[in-house]
Amino acid sequence: MKVLYNEDLANHVSPESCGGSGNTAAEALTGENAGGLLSSEITEFRVPTFCTDREGHTTNSDICELLCDPAEHVEGRALTKRNTMETTAARTQGRLTASYGLDGVRRKAEEEKDVRFTALLHHVTPLLLKRSYMGLKRKAASGIDNETWDDYYIDHVNRIDALHERLHKGSYRAQPVRRTYIKKEDGKQRPLGVTALEDKIVQQAVHIVLSQIYENDFMGFSYGFRPRRSQHDALDALYVGINKRKINWILDADIQGFFDNLSHEWLVKFLETRIRDKRILRLIKKWLKTGYIEGGKRVPQTLGTPQGSVISPLLANVFLHYALDVWAAQWRKSRIKGDMIIVRYADDFVMGFQNRSEAVNFRAALETRLTEYGLTLHPKIWALFWPGRFLVPVLMMSAWAAATLQFRESLSSL
């Protein structure tokens, strides 16, 4: 075994292998020498099929899944054991979103990739706010408002109407998040933000609206915090990519302190690529800059977005879509002669290359690219040559599964 860029290998315990499963659809960035993308759909015949320009776009997604808190419910669908040939009887997107007026937004975003939406806040109706409230975790911890779901329910109809009125009058004010910490596997502590209840409601509603746009834009190899996608899907995508393509070198990368160092300025610029509604942008800026309460003191925030808040996963995916995903796809088409795959779960991603030199060049370019946006790679980056390809998804992806499950458990009380 040859090792590049590492001092010692990752030590993953109790991995979940999907080697014998193969019952779920999954995708990775790969393709022919011309740079085309491949949708590696694992079917009962285990044959990857070429995708269309809509690779990875979650169309006809169940709006009820979006109503669930993406920060609290990480997995968007069942585990990899289910057979994709046996689809559940999901309700149609049109029927579920028509009452919110969002079906037209989704279709417009799907048909016109360059359109910028100028009027979105009016889709945040009292009905959508109510559904957003009903979709929140009922036993979650309260923020600095000390208000629980049950407390709010007593007069929720009138309060949601009042909240809607404040939103559209511009008098809504976001509250700071309450900061708490959980232990990580390496002994360090991960900061999490507990959002005030009404801020959760509004963030959830805005998340639903924006998801109609961005689920049509996100790449197929992006799996973290998206409806109907989980770390198990990412695991399957990596398995297929490695076994169906000529992959000899693996880069396992993690952006160091991503949620703490995310640039507000760049994030707003990325959002403005699709969003021109100043009221929506103003709301997001409020949530970014409101800061957090720690030790009884309010700490302003000029970088980052609180992990644990409802809107953070979507904002993180938007940032990485433009800063990493689009760039990686373009790099694949213009710079890579051999095979290449990439699977990203939030700020962790695994890249596979046929040629060692292309893996080295991509890593160097990736560091430069992330530096432009104020980000750095975690110092532990591995590029491994695996003579036995079946070991790769087990060792590389088990960390994602373990980290995600730990994150979900930590959020169960938030």
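Above this note sits the structure.
Quick caveat: nothing in here was measured; it's all calculated off a predicted structure.

Colleague: Requested: an account of the side chain of D325, with residues and values cited.
Modeller: Here D325 is to be found in helix α12 (residues 312–335). Looking at D325, its side chain comes within polar contact range of the side chain of R344, at 2.8 Å.

Colleague: Quick rundown of helix α11 (residues 278–289)? Include the residues and the values.
Modeller: For α11, built from twelve residues, the straight-helix expectation of 16 Å at 1.5 Å per residue is met to within 8% by its first-to-last C-alpha distance of 16 Å. Among all positions of α11, only I280, L281, L283, I284, W287 and L288 are buried. The buried residues of α11 all sit within an arc of 155° when viewed along its axis, so they share a single face. Where α11 begins, the side chain of D277 points an oxygen toward the backbone nitrogen of R279, at a separation of 2.9 Å. Downstream of α11 by a residue or two, G291 has a phi angle that is positive, lying close to 80°.

Colleague: Talk me through unusual backbone geometry; I want residue IDs and the actual numbers.
Modeller: Phi at N146 is positive, roughly 55°, even though this residue is not glycine. Among the structural elements, N146 can be located in the loop between α4 (126–134) and α5 (149–153). A positive phi angle is found at A346, which is not glycine, with a value near 55°. Tracing the backbone through its elements, the reader meets A346 in the loop between β9 (340–345) and β10 (348–353). Overall, the relative accessible area of 7% leaves A346 in the buried class.

Colleague: Mind laying out the sheet that holds strand β8 (residues 297–299), listing which residues take part and the relevant values?
Modeller: One open sheet accounts for four strands, arranged β5-β4-β7-β8; its pairing is mixed. Strand pairing shows two members of the sheet lacking a second neighbour, β5 (189–194) and β8, which therefore form its edges. Mean inter-strand twist for the sheet, computed between neighbouring axes without regard to direction, equals 45°. Where strand β7 (residues 292–294) and β8 come together, three bridges link them in antiparallel fashion. Across the sheet, the residue bridging to I293 is R298, located in β8.

Analysis parameters
Residues numbered from 1 in each chain as written. Predicted model: local features only at pLDDT ≥ 70, side-chain atom pairs only at ≥ 80, totals over all residues. Heavy atoms only, no water. Helix = DSSP H or I, 4+ residues; strand = E, 2+ residues; numbered from the N terminus. Polar contact = N/O pair within 3.5 Å; in protein donor to acceptor, adjacent residues only side chain to side chain. Expected span 1.5 Å × (residues − 1). Buried < 20%, exposed > 50% of the residue type's maximum accessible area, 1.4 Å probe, protein only. Arc of directions from axis to C-beta. Pairing = 2+ DSSP bridges. Axes fitted to C-alpha atoms, helices over the stretch in contact; angles between N-to-C directions.

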